[in-house]
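Here is how the chains run, residue by residue.
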2 protein chains.
Amino acid sequence: MSGSICLRPKEAFSVPEIDEIDHHVLRLLREDGRRTFSEMAERIGLSVAAVKRRVDRLRELGVITGFSVQIDYAKLGWGIEAFTELRYPGTTPVSEIIRTAADVAEVQAVFTIAGDPDALIHVRVRDLGHLQKVIDRLRRAGDVTGTKTLLVLGSWTRDAPVP
Amino acid sequence: MSGSICLRPKEAFSVPEIDEIDHHVLRLLREDGRRTFSEMAERIGLSVAAVKRRVDRLRELGVITGFSVQIDYAKLGWGIEAFTELRYPGTTPVSEIIRTAADVAEVQAVFTIAGDPDALIHVRVRDLGHLQKVIDRLRRAGDVTGTKTLLVLGSWTRDAPVP
DNA sequence: CCTGAAATCCCGAACGC
DNA sequence: GCGTTCGGGATTTCAGG
């Protein structure tokens, strides 16, 4: 299994020593994660070395956990996106919920929830037949007592760069 | 408003000419979006120029829509994450649903849904009082007929790099 | 915490296969 | 489609304020 289980609170309180410049760096990297240090230095009005040190420090603090590419999965043939709400018996531990769902390759993210439902699963599949297979696997994986699937028609994400 | 509205189908059918090497490039960039072309070239067994051409082409095809940084928002003091299901009257157009929700700064993503509910909103807030304000704003923004909020206790994301 | 400079490495374009 | 070459630019490190 790739990825990592991380239950909040990762950090009970926020890291104190994050200033405005750090937020500026983060904003620039959210817009484009491959921005060069030189370009950021120019925009911020700082030297290249200073910007690099900010980014290094944000990684060490765990504020920046990584960098990744944004992909249009529909263009790769994975055109269907859905959220499946899962309900479990009260005896099921959270760690098992995450493990069983994460074992399904089509699962992109697992959110454990306070209340009802117990978990919200983000899945990406090729077509509706594929979706049904994935839901069936989720139902059988743990001792699921009920599911409800929300089929995504469209989506908007903040700061998704427009090509 | 930052970001972009994108309703599926972005592409009714998948781009045909994506081969195994392209998938390898995408996998490497998902793991680390700031990988250099040289490092990818070495891993794949191709020249640097060839890898760069692959990435350029994937961007032109719209498969790669951008790059971004992964942030632990809890460390920045935004420790609460939730999904809010919204219900609208049948007369509300989808575009207005997205617009009203996206105007709220705390909204990270909006998913329009086939069936019930009509939309699923991913929000990030500082604390529970903040969450209540955001939900109130969502209720008043459009002509919302009902909401249900799922409070996230923990999350797992595929390919989230562990530091 | 910053700047500036030097060595190293990478990018990007051009050319030929 | 691929590789090679090469000049300009970026990264990284380190001395010094």
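Residues numbered from 1 in each chain as written. Chains lettered and ligands numbered in written order. Predicted model: local features only at pLDDT ≥ 70, side-chain atom pairs only at ≥ 80, totals over all residues. Heavy atoms only, no water.

Under the annotation held in an unreviewed UniProt entry, chain A carries the name Lrp/AsnC family transcriptional regulator and is attributed to Nonomuraea maheshkhaliensis.

**A short note on the UniProt feature "domain: HTH asnC-type" (unreviewed entry) in chain A**
As a reminder of what qualifies: UniProt positions are given in the numbering used here, feature names are shortened, and annotations may be inferred rather than shown by experiment. Segments assigned H or I by DSSP are reported as helices when at least four residues long, segments assigned E as strands when at least two residues long, and all are numbered from the N terminus.
UniProt's entry tags residues 18-79 of chain A with the feature "domain: HTH asnC-type" (unreviewed entry), counted in the numbering of this structure. Regarding residues 18-79 of chain A, the helix share stands at 53% and the strand share at 13%, and the terminal C-alpha atoms are separated by 39 Å.

**Observations regarding the protein's contact with DNA strand C**
The condition is simple: We call a residue near a molecule or strand whenever a single non-hydrogen atom of that residue lies within 4 Å of it. Any pair of N or O atoms that falls within 3.5 Å is considered a polar contact. Within protein, one atom must be able to donate a hydrogen and the other to accept it, and sequence-neighbouring residues count only if both atoms are side-chain atoms.
Around DNA strand C, the neighbouring residues are Leu46(A), Ser47(A), Ala49(A), Ala50(A), Arg53(A), Arg54(A), Thr36(B), Phe37(B), Ser38(B) and Lys52(B). The contact in question runs from a phosphate oxygen of DNA strand C to an N or O atom on the side chain of Arg53(A), over 3.4 Å. Within the side chain of Arg54(A), one N or O atom sits 2.8 Å away from a phosphate oxygen of DNA strand C. Of all the secondary-structure elements, those providing two or more residues to the surface near DNA strand C are helix H3 (48-60) of chain A together with helix H2 (37-44) of chain B.

**Points about the interface of chain B and chain A**
Here is the rule we go by: Only heavy atoms enter the contact rule, under which two residues are in contact if any of them lie within 4.5 Å. Buried surface area refers to the total accessible area, computed with a probe of radius 1.4 Å, that the two partners give up upon joining, counted for both partners together. In what follows, salt bridge is the name for a side-chain nitrogen of Lys or Arg lying within 4 Å of a carboxyl oxygen of Asp or Glu.
If you look at the interface, chain B gives 75 residues, while chain A gives 74 residues. When chain B packs against chain A, close to 7200 Å² is buried across both sides, 54% of that on carbon and sulfur atoms. Our enumeration of links across chain B and chain A arrives at two salt bridges. Linking Lys148(B) and Asp116(A) is a salt bridge whose minimum nitrogen-to-oxygen distance equals 3.9 Å.

**Side note on the packing of helix H1 (residues 20-31) of chain B against helix H3 (residues 48-60) of chain B**
Residues and elements named next belong to chain B. The following threshold applies: The axes are straight lines fitted to the C-alpha atoms, using for helices just the contacting stretch, and the angles between their N-to-C directions are given from 0 to 180°. Roughly parallel refers to an angle under 35 degrees, roughly antiparallel to one over 145, roughly perpendicular to one between 65 and 115, and oblique to any angle outside these ranges. For this scheme, ten residues count as nonpolar: Ala, Val, Leu, Ile, Met, Phe, Trp, Tyr, Cys and Pro. Four count as charged, namely Asp, Glu, Lys and Arg, and the remainder, Gly too, count as polar.
Contact geometry of H1 with H3 gives a least axis separation of 10 Å together with a crossing angle of 90°. Put simply, H1 runs roughly perpendicular to H3. Contact residues: H1 offers Ile21, Asp22, Val25, Leu26 and Leu29, while H3 offers Arg54, Val55, Arg57 and Leu58. Looking at side-chain class alone, the contact of H1 with H3 contains six nonpolar, no polar and three charged residues.

**A word on unusual backbone geometry**
The omega angle of the peptide bond from Asp116(A) to Pro117(A) is 5°, so this bond is cis rather than trans. By secondary structure assignment, the location of Pro117(A) is in the loop between strand S4 (107-114) and strand S5 (119-125).

**Details of the relation of the copies chain B and chain A**
The operation relating the pair of chain copies consists of a rotation about an axis and a translation along that axis. Short version of the rule: Residues below a pLDDT of 70 in either copy are left out; the C-alpha atoms of the rest, at least 70 in both, set the least-squares superposition of the copies.
Taken as rigid bodies, chain B and chain A are interconverted by a rotation of 180° and an axial shift of 0.0 Å, the fit giving an RMSD of 0.1 Å. Here the copies are linked by what is in effect a two-fold axis. Interface residue correspondence from chain B to chain A reaches 99%, placing this contact among same-surface, isologous pairings.

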